[in-house]
Amino acid sequence: MKMVRTGLWSFRFSTAALVLIPAAVGINYIGKLFVELLKLPLWVDSIGTVLSSMLAGPLIGALVGIVNNVIYGFTTSPVSFVYAITSAVIGLVTGIMAYKGWISNIGKALVLGFVVGLIAATVSTPLNISFWEGTTGNVWGDALFAWMTAQGNPLWLASFADSVVVDVPDKMVTVLISFLIFRNLPKKVLTMYDTKQEIERL
Amino acid sequence: MSLLHVEQLKYRYPNRSVLALDEISFTVDKGEFIGIAGRNTAGKTTLCYALCGLVPHFFKGAYGGRVLLDGDEILASSLSRITSKVGFVFDNPFSQLSGAKFTVADEIAFGLENLGLPREVMHERIQESLHMLGIEHLRRKNPFDLSGGQMQRLAIASIIAMQPEILVLDEPTSQLDPQGAEEVFTIVEKLTQDGMTIVMAEKKMEKLAAYSDRILLLHDGKLIQDGEPAVVFSREDLMEMGVEPPIYTTVAKKYGLRKESSPFPVTLEELLAFEMDEPLDGLFPLQEKLETSHIHIEELSFSYSDGQKVLDSITLDLSSEPIAIVGQNGAGKTTLVKLMKALLIPSDGRIVIDETDTIDTTAAKLAKKVGLIFQNPDDQIFKKSILDEVMFGPLNMGITKAEAKSLALQQLKAVGLREKAEENPYDVSLAERKLIGVASILAMDPDIIIFDEPTMGQDYEGKLRLQEIIAGLHAKGKLVICILHDMDFVSEVFGRTIVVGQGKVLFDGTTKAAFSQLDIVQQAQIELPHRYQVARAIQQKREFAPRTS
Amino acid sequence: MRNMTLYVHLENGSPVHRMDPLTKMFYVFTSVVISYMLPTHLLVSIVLAVSILMLIIGKVFRSILPIIGVSFVLLASILVVQGFFHPDRATVLWDIGPFTLYKEGFSIAFLILLRVLNMVCAFGVLILTTKPDELVEALVQKGLSHRFGYVLLSVLQIIPQMMALTGKIMDAQRARGLEMEGSLWVRVKSFIPLLGPVVLRSLAETRERSIALEVRGFNSTGKRTRLHELPQYPYGTVAKTLLTSLLLFVIVWRIWL
């Protein structure tokens, strides 16, 4: 029998964890689809990433993030390749914080969302600056960016602010929704990703 | 040495307190066909898992006793080693696809690539198994574009190509329509004739009786009996364990047809060896006509946006008694009931429910009037507990939480899930989730209740419960409409049957008349109820008999 | 919803289609890197022109337009924000009402625009002329883990199946009195009843799919084989050498010269 490292940074992924990746990317897509259908004023395109991190840890979460953007880049908009790093970091941070207990109640989940949003904005800022001089393509964020640069603020600050006003509320909503769904998951699903299970002898 | 040797096998799933398998022992020899019978919670699926190593290697949990495969102990072996010898096919055709191959031929290759076979051997085996399963013409199609029956045949082809020594089939037809099920059974029969060793769990006892050398009767995780089909199905206490014997045995038991102390017949041939007359009385009950809501359908046509015409000028009046709607897949049955629920708008003609035209209302507003219970409960389930799930509909109607709760509990009691109200819907079986779907619509107390395929996947007890629910609704003056593939259920419960085919109403009248008109039965490609088939066979034999004697 | 596919690839057998997927991938990388290193509008325009030429040879130029359309907001935003608000404002180019378009900002905006357009077109060359399974197959044969290859292909197969569920779920919840239209609050409230079933269903399904993979030897440790031989691609070495030298040249030029 092979040694399988278990715990937070387990590298040898179980089949169940691998199969979770396509499902989670699908959830990202469908979440976005419903948001557009209901005409909600949000993005919320990473519910699957966040959920998979809560279920199977930071590495699977990060993989979901990368695969999500690669596939989205392949099928809809190549620009999304650029943000694969941001998506990976979203999965990573959620996975670590969830493991440390930041999804035990709704208040903590909101803090988690806030932190994820802030870190996502931090990672996106250098990308936005090097690829398109700081804008994000979000109308409200870019309006703020324009106003701030016109006021003479440094580029990095304006660009960061541009990302923050978009990412923080969006990630807080994403994590909140994911948390509400996660709470309702059956034991059958939860135990599937529990790598610490052993066979007990009767 | 037998191929499979199971000794005092015990198993418990993680985080569970009851044993799923309890002290099970039996053996399987090369070339044998072993059937597994039992109700939905008996442990059939778990036993199948244990034979192919998924228990305990995939599921973990607590394991006792041992299973020897070709002399090797499964517990000490690796899963990939076991699965190279034991092929496993389960009920859901869709989730058995690898999900990463874009043609049928490549799908079959998936397992062969993992085995590391040379390219020429792969091509040979793909060709062989495509041929054997009769799906050669589909080899370039995307697996996800196949029908349920075709998908399931592909699943079997993919396993057969890996050339296992034993094939384990876990209810391979329970999620298929009758046509798809027949396709799969034809294959199973062929494999049996070719000498394949097969273990099959199944609800269709007529099939188990016809194929099996021995039957394992399971109940609450225990092996009750391991014996020949005739012996197992002749047991007096079979029904108490939630297993209905083959129809032929039931008829034989009714008339006491057996030779002295030997068991009852289990196949049609065996039954026909006896001299008897099976009257059709009581086979097609007529339901009392009561005052109910009324659906009036006038010259109704419907086409989807791609121009495909599904319903063609249908006129019907529905009221007074439970009504069955039958017909082949794609005949337009589900479209018809969606129109009744205002989920679709007629392309032409109209539907009037009591006084309301469906064009002037929405599905949500019709909640109190028409309840539609969909085929797959998993399309709607999203709450943490069964109780919350059932309360969702009533709460949408704007009643108080306390009222919603009492309505929900009442309906959960009716479907037999009162004790499980606090459990997560996904921690119970699919058959039970279907009953959650039923309760969640009934809790809204609509005047008209439409069921889409309620019996699919239900065992004997589940069907009995549905029969009671329908009778109860009828007695309360509700109009019940039911789409069904299960003709046995139609003939036992419904007095009026509507046959739909190619978007038209082919027949509307008493159930008895529907099955008596063989041209309509043929045109709509529906099966005859088993009881009726038996009666007809006996009748034919009697007509034939005088000439030979 | 059957026959729905997610990927945009179009088959027509052009020379670009017949190229090695990995070479095309390398082309995308080189083209994007170079476009960001080159300093002048003219040079970046040449890089863009090459990408467009490739699209034309591949007979897929028309299909790139909707893909550019998806990035339209980003492109427009770059033009407006940089053109009107860039901090280096000296030369007035144009007055539009209360706003002034400056030459410096516009010049920068135009350069970024060319680069982003090139990024989209270069990726277009890859995604419009390459079958995803062929690309993944090539990557796996070059050493990408087969498990990860499985994940990539399975996403493409499974998302259309999940999308096909959405209609059924909406019907099922409307049948239980869920309102999906109306005030913002009504629409927000209906989000979880719609997404919840997709999540639960697909997670529950992962269990069955894992079983299906296990019984097909997905985890076997022996050596694997592949059913399809990789086709022989023409000019692979030539193209790769050319691209590498170009890349090296630009790097050396921009950093040391």
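Throughout this description, residue numbers start from 1 for each chain and increase along the sequence as written. By the order in which they are written, chains take letters starting at A while ligands take numbers starting at 1. Local features in this predicted model are restricted to residues whose pLDDT is 70 or higher, and side-chain atom pairs enter the listing and the counts only when it is 80 or higher, whereas totals over whole chains, interfaces and linings include all residues. Only hydrogens and water are set aside; all other atoms, that is, all heavy atoms of the structure, feed into the side-chain values.

We now examine the side chain of C:Arg187. Helix and strand labels come from DSSP, where a helix needs a run of H or I of at least four residues and a strand needs a run of E of at least two; each type is numbered from the N terminus. Looking at the element boundaries, C:Arg187 is found in helix H8 (residues 184–189). It is C:Glu181 that comes nearest to the buried, bridge-free C:Arg187 among opposite-charge side chains, at 8.9 Å. Setting aside residues no more than four positions away along its own chain, C:Arg187 makes contact with A:Leu38, A:Lys39, A:Leu40, C:Met180, C:Glu181 and C:Gly182. Three exposure classes are used, based on accessible area relative to the maximum for each residue type with a 1.4 Å probe and protein chains only: buried under 20%, partly exposed in between, and exposed over 50%. Positive charges are assigned to Lys and Arg, negative charges to Asp and Glu, while His and the chain termini are left out of the count. By definition, a salt bridge exists where a carboxyl oxygen of Asp or Glu is found within 4 Å of a side-chain nitrogen of Lys or Arg. Working rule for contacts: check all heavy atoms of both residues, and any pair within 4.5 Å makes them a contact.

This part covers the interface of chain C and chain B. Between chain C and chain B, the residue contacts involve 53 residues of the former and 68 residues of the latter. When the buried surface of chain C facing chain B is broken down by residue, C:Arg176, C:Arg216 and C:Leu227 rank first, second and third, together holding 19% of it. When the shortest N-O distance is used, the salt bridge between B:Lys338 and C:Asp171 registers 3.2 Å. In protein, a polar contact requires one atom able to donate a hydrogen and another able to accept it; more generally it is a pair of N or O atoms within 3.5 Å, and residues adjacent in sequence count only if both atoms are side-chain atoms. Linking chain C with chain B are 24 residue pairs in polar contact (both at pLDDT 80 or more). Where the side of chain C that touches chain B is concerned, the elements lending two or more residues are helix H7 (146–174) and helix H9 (191–215) of chain C. A per-element tally of the side of chain C that touches chain B places H9(C) first, with 17 residues. Asp, Glu, Lys and Arg are counted as charged, while Ala, Val, Leu, Ile, Met, Phe, Trp, Tyr, Cys and Pro are counted as nonpolar; the rest, among them Gly, fall into the polar class. A breakdown of the residues in the side of chain C that touches chain B according to their chemical character gives 21 nonpolar, 14 polar and 18 charged. Simply put, the buried area is the total loss of 1.4 Å probe accessible area from both parts when two parts are fitted together.

Right, let's talk about the packing of aromatic side chains for a bit. Between two aromatic rings, the relevant description is the distance of the centres plus the angle of the planes. Residues and elements named next belong to chain B. What counts as a ring pair is set by centres within 6.5 Å for rings of Phe, Tyr and Trp (its six-membered ring), and what kind of pair is set by the plane angle: stacked under 30 degrees, edge-to-face over 60, tilted for all other angles. Here the structure, examined in full by the defined rule, presents 21 aromatic pairs over all chains. Relative to Tyr 211, the ring of Phe 33 has its centre 5.8 Å away and its plane inclined at 55°; by these criteria the two rings are tilted. Of the two residues, Phe 33 sits in strand S3 (residues 33–37) while Tyr 211 sits in helix H8 (residues 205–211), which places them 178 residues apart along the sequence. Of the two residues, Phe 33 and Tyr 211, both sit in the buried class.

Just so you know, the domain bounds were taken from an automatic or database domain assignment. Domains assigned within chain C are domain 1 (21–131 + 231–256) and domain 2 (145–215). Its C-alpha centre places domain 1 of chain C at a distance of 36 Å from the equivalent point of domain 2 of chain C.

Another point: the sheet that holds strand S12 (residues 309–318) of chain B. Residue and element names in this part refer to chain B. DSSP calls a pair of strands paired once it identifies at least 2 bridges connecting them. Here four strands make up an open sheet; going across it, the order is S12-S11-S14-S15 and the pairing antiparallel. Strands with a single pairing partner mark the edges of an open sheet, and in this sheet they are S12 and strand S15 (356–357). To obtain each axis, a line is fitted to C-alpha atoms, and for helices this fit is confined to the stretch in contact; angles are then taken between N-to-C directions over 0 to 180 degrees. Seen against the sheet, helix H12 (residues 333–340) touches strand S11 (295–303), S12 and strand S14 (348–353) and runs at an angle of roughly 120° to S11.

The interface is formed by 22 residues belonging to chain B together with 14 residues belonging to chain A. The salt bridge partner of A:Glu200 is B:Arg12, with a shortest N-O separation of 3.5 Å. Taken together, chain B and chain A are joined by eleven residue pairs in polar contact (both at pLDDT 80 or more). Contributing elements (two or more residues each) for the side of chain B that touches chain A: strand S1 (4–12), helix H2 (54–57) and strand S4 (61–69) of chain B. Partitioning the side of chain B that touches chain A into residue classes produces ten nonpolar, six polar and six charged. Sheet analysis places strand S1 (residues 199–201) of chain A next to S4(B), joined by three bridges and oriented parallel. Looking at the pairing, A:Ile199 lines up with B:Gly61 of S4(B).

Together, A:Val139, A:Trp140, C:Phe72 and C:Val73 make up a nonpolar patch on the protein surface, roughly 510 Å² of accessible area in all. Mapped by element, the contributors of at least two residues to the nonpolar patch are helix H6 (139–150) of chain A together with helix H4 (72–85) of chain C. Relative to the elements of secondary structure, C:Val73 occurs in helix H4. Surface patches are defined over residues having more than 30% relative accessible area and no salt bridge, joining like charges when they lie within 9 Å and nonpolar side chains (Val, Leu, Ile, Met, Phe, Trp, Tyr) when within 5 Å. Note that accessible areas follow from Shrake-Rupley with a 1.4 Å probe, and for residues the cover is restricted to the protein chains shown.

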